[in-house]
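Letter by letter, the chains look like this.
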Amino acid sequence: MTDSPIWHPFTQHGLGEPIPLVVRGEGAALYTADGRRIIDGISSWWVTTHGHRHPRIMAAIAEQTGKLDQIIFAGWTHEPAEALARGLTAIMPRELTRVFYSDSGSTSVEVALKMALGFWANRGAPRHRILVMQHSYHGDTIGTMSVGERGVYNAAYAPLLFDVGTLPFPRAGAEQATLDALEAACREAPAALIVEPLLLGAGGMLIYPAWVLAEMRAICARHGVLFIADEVMTGWGRTGTLLACEQAGVVPDILCLSKGLTGGAIPLAVTMATEAIFEAHFSRDRARMFFHSSSYTANPIACAAANANLAIWRDEPVAARIADLSARQARRLAGLAGRPGVANPRAIGTVTAIDITDPQGGGYLSQLGPRLLRHFRERDLLLRPMGNTVYVMPPYCIDDADLDRIYAAIGEALD
Ligand SMILES: *Cc1c(COP(=O)(O)O)cnc(C)c1O
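Residues numbered from 1 in each chain as written. Predicted model: local features only at pLDDT ≥ 70, side-chain atom pairs only at ≥ 80, totals over all residues. Heavy atoms only, no water.

### Things to note about unusual backbone geometry
Outside of glycine, negative phi angles account for most residues, and trans bonds account for most peptide bonds.
Okay, step 1: Notably, histidine 135 is not glycine yet its phi reads approximately 70°, a positive angle.
Okay, step 2: Here histidine 135 lies in the loop between strand S5 (130-133) and helix H5 (142-146).
Okay, step 3: The backbone of leucine 198 sits at a positive phi, close to 65°, despite the residue not being glycine.
Okay, step 4: You can see leucine 198 is positioned in the loop between strand S7 (192-195) and strand S8 (199-200).
Okay, step 5: A residue is classified by how much of its surface remains accessible, and leucine 198, at 1% relative accessible area, is buried. (Helix = DSSP H or I, 4+ residues; strand = E, 2+ residues; numbered from the N terminus. Buried < 20%, exposed > 50% of the residue type's maximum accessible area, 1.4 Å probe, protein only.)

Following this line, the structure appears as structure tokens:
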């Protein structure tokens, strides 16, 4: 593939690793041009919820292509976007009355941050400071890197990233330190806190308890600090419930959704907001409008795919499927826990993770990472360890045989 002009994301081309050519996907499997069947153990980077090419989503896309492909969304609208906004406000917390469209998780977070700052500016009491949690990930744009963990992956851009207030991750037994830090930071009137509810994905599949999330929300409410939930990865059942926030009985002021919004078929994102956030921008004064758009805002074909996703959630036993997969995942994780080399076995909903003890020390650039990647690729498995952290986050339709092959390969890696 060295003759390809493509520059791949998060790929060091200098290592000369093979880049498989994928020609077809179906359910939990991907098929390569050279005839291999690959098991998708990470839902194609956390997006594919119901499985590849779910017939209903494919049909909705095909049908929409016969009607309308694209239309400017500033001052115009279309039925797929209207239906989706109605559908989302019906199933998401009722306080979230407004739906703003964009096209990726990163942009949904950028929009959330701009909404929070706009809220304060339009009330004539500008606030700019954002609070974040250690080890967070919210995207790869300059703004979202600013609110995410700093490290080797953004060191080159560090001088451009804006300053934030960072709360320590609520490690088991040290949760109160996080809450105390939040309480102290809130006294300095920040604009907002942004968190990944219950599960920090790219930070290493780190899990914290629902009561901490509930407490953080309560502290923000007490101080009038806006609470932004980035459910780009945790949304759509990943942690066992439609939203991770549900498990803490928490309703955010602003909610970011993307990845599973279209079942993982096509890019789309929404930022949902309370009426108060919308109200702060509502005026006869054009200077107070929300100054954000991207060319493909609410693309009709993407909205049609998302409407099909909502129909699948409505008509198919998705919750039961998630509960079943969560139990099947937990059983297999239990089989790994306690084996030599396994540290911090953990699970939430459909996601499991372990750390493999690395004599040279862990971290994103752990030498174990590339070796593990090769190990799994040789076994026709799409797994993408983060440093020495191996996690399994499959589409909800994966069967026992495929799940067994994934865990057998993790077992062999430990040997
Ligand atoms: C993936 C992710 C993002 C960024 O989404 P993109 O669609 O890749 O821009 C933001 N937040 C969280 C929690 C994510 O997991």
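That shown, we press on.
### A look at the site of the ligand
Okay, step 1: Residues in close proximity to the ligand include Trp46, Ser104, Gly105, Ser106, Tyr137, His138, Gly139, Glu196, Asp230, Val232, Met233 and Lys259, which together make up its full environment.
Okay, step 2: Serine 106 is positioned with one of its side-chain polar atoms (N or O) 2.6 Å from an oxygen atom of the ligand.
Okay, step 3: Here a nitrogen atom of the ligand and a side-chain polar atom of aspartate 230 are 2.7 Å apart.
Okay, step 4: The class makeup of the residues in the shell around the ligand is 4 nonpolar, 5 polar and 3 charged. (Near = heavy atom within 4 Å. Polar contact = N/O pair within 3.5 Å; in protein donor to acceptor, adjacent residues only side chain to side chain. Nonpolar A, V, L, I, M, F, W, Y, C, P; charged D, E, K, R; others polar.)

### Points about helix H11 (residues 368-378)
Okay, step 1: Taken as a whole, H11 has its buried residues at Leu368, Gly369, Leu372, His375 and Phe376. One side of H11 carries all its buried residues, which in axial view fall inside an arc of 125°. In H11, those exposed residues whose orientation departs by more than 90 degrees from the buried face are Arg371 and Glu378.
Okay, step 2: Just past H11, the residue aspartate 380 takes up positive phi, approximately 60°. (Arc of directions from axis to C-beta.)

### Describing the packing of aromatic side chains
Okay, step 1: For the coordinates displayed, the defined rule picks out 8 aromatic pairs.
Okay, step 2: On the basis of an interplanar angle of 90° and a centroid distance of 6.2 Å, the ring pair of phenylalanine 10 and tryptophan 45 is categorised as edge-to-face. You can see phenylalanine 10 sitting in the segment before strand S1 (22-26) and its partner tryptophan 45 sitting in helix H1 (residues 43-46), a full 35 residues away along the chain.
Okay, step 3: Given the relative accessible area of 37%, tryptophan 45 is considered partly exposed.
Okay, step 4: Between the NZ or CZ atom of arginine 24 and the centre of the ring of tyrosine 31, over which it lies, the distance is 4.5 Å.
Okay, step 5: In this arrangement the basic side chain of arginine 127 is found over the ring face of tryptophan 120, its NZ or CZ atom lying 3.8 Å from the centre. (Phe/Tyr/Trp six-rings, centres within 6.5 Å; stacked < 30°, edge-to-face > 60°. Lys NZ or Arg CZ within 6 Å of the ring centre and 35° of its normal.)

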